[in-house]
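Take a look at the letters that make up each chain.
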Amino acid sequence: MSRYDLVHSINSRASFSCSHAVLPTMLKQGFGHIIVMSPPIDLNLLKGKVAYCISKYGMTMLAHGMGQELLGKGVAVNALWPATLIESFATKNFRMSESSQWRKASILADAVFSIIQEDPNTFTAQALIDEEYFASKGIHDLSKYRFNPDVEPDKTWPPVWIPSLSLMHGMLHVSQSRALPLVK
């Protein structure tokens, strides 16, 4: 239970707590954007990842619910998730595929920067995928975000990639339909 409590305190509880901490100021100034890093909800991905999915989907539900509650009040709440693996401590420490299958974290930073330029009165309560969001803005060349400039990383969305720490037959399973080889 301690691991369950930890993942929930980091993901859904912290997102809820931080959102409520900044909300009074955002409402008073009549402007703000809250962006949580969580995937669109896909119930087909629960098997073997129930605790993690509950914590991440809780964040997405926060974006949908608070976004709807705050509609028209100048404060937007959205969720953002990458279409590919992102270079991070997790991808490195858990050796999630070869680095050629990663994008740089700057893709998420640029997506967040673009999202906060949106009108919070109308652009809210969404679960966004970075690549799809950029495409909606007419940005289709994402090659500058490749960790390896010569390789376009495979998509892990759809289906959404949700880390699973279970190992089977030397593979790290990241979805029901696909597994990535571990880096030795």
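Right above here is the structure, for reference.
Residues numbered from 1 in each chain as written. Predicted model: local features only at pLDDT ≥ 70, side-chain atom pairs only at ≥ 80, totals over all residues. Heavy atoms only, no water.

Describing the overall build of the protein chain
- Regarding its fold elements, the protein chain presents five helices and eight strands.
- Going through the 184 residues of the protein chain one by one, you find that 43% of them count as buried.
- Excluding contacts between residues fewer than 6 apart, the proportion of contacts in the protein chain whose partners are at least 24 apart in sequence is 67%.
- Carbon and sulfur atoms form 60% of the exposed surface of the protein chain, whose accessible area is close to 9900 Å². (Helix = DSSP H or I, 4+ residues; strand = E, 2+ residues; numbered from the N terminus. Buried < 20%, exposed > 50% of the residue type's maximum accessible area, 1.4 Å probe, protein only. Contact = heavy atoms within 4.5 Å. Areas by Shrake-Rupley, 256 points an atom, 1.4 Å probe, with all protein chains shown as cover.)

Topic: the sheet that holds strand 1 (residues 32–37)
- With parallel pairing, the three strands of this open sheet are ordered in space as 1-2-5. Sheet topology places strand 1 and strand 5 (127–129) at the edges, where each strand pairs with a single neighbour. Put simply, the sheet's adjacent strands are angled 35° from each other on average, direction ignored.
- Two elements, strand 2 (residues 75–81) and strand 5, share three bridges in a ladder whose sense is parallel. In the strand pairing of strand 5, Leu80 is matched with Leu128. (Pairing = 2+ DSSP bridges. Axes fitted to C-alpha atoms, helices over the stretch in contact; angles between N-to-C directions.)

Remarks on the pattern of salt bridges
- By the definition in use, this model includes seven salt bridges.
- Ionic pairing is found between Glu152 and Arg103, a salt bridge with its closest N-O pair at 2.6 Å. Of the two residues, Glu152 sits in the loop between helix 5 (130–136) and strand 6 (167–168) while Arg103 sits in strand 4 (residues 102–103), which places them 49 residues apart along the sequence.
- Lys137 is paired through a salt bridge with Glu118; the nearest N and O atoms lie 2.9 Å apart. One end of the pair, Lys137, is in the loop between helix 5 and strand 6; the other, Glu118, is in the loop between helix 4 (106–115) and strand 5, and 19 residues separate them in sequence.
- The class for Lys137 is partly exposed, based on a relative accessible area of 42%. (Salt bridge = Lys/Arg side-chain N within 4 Å of Asp/Glu carboxyl O.)

Regarding helix 4
- Of all the positions in helix 4, only Ile107, Leu108, Ala111 and Ile115 are classed as buried. Down the axis of helix 4, the buried side of the element spans an arc of 95°, and every buried residue falls inside it. (Arc of directions from axis to C-beta.)

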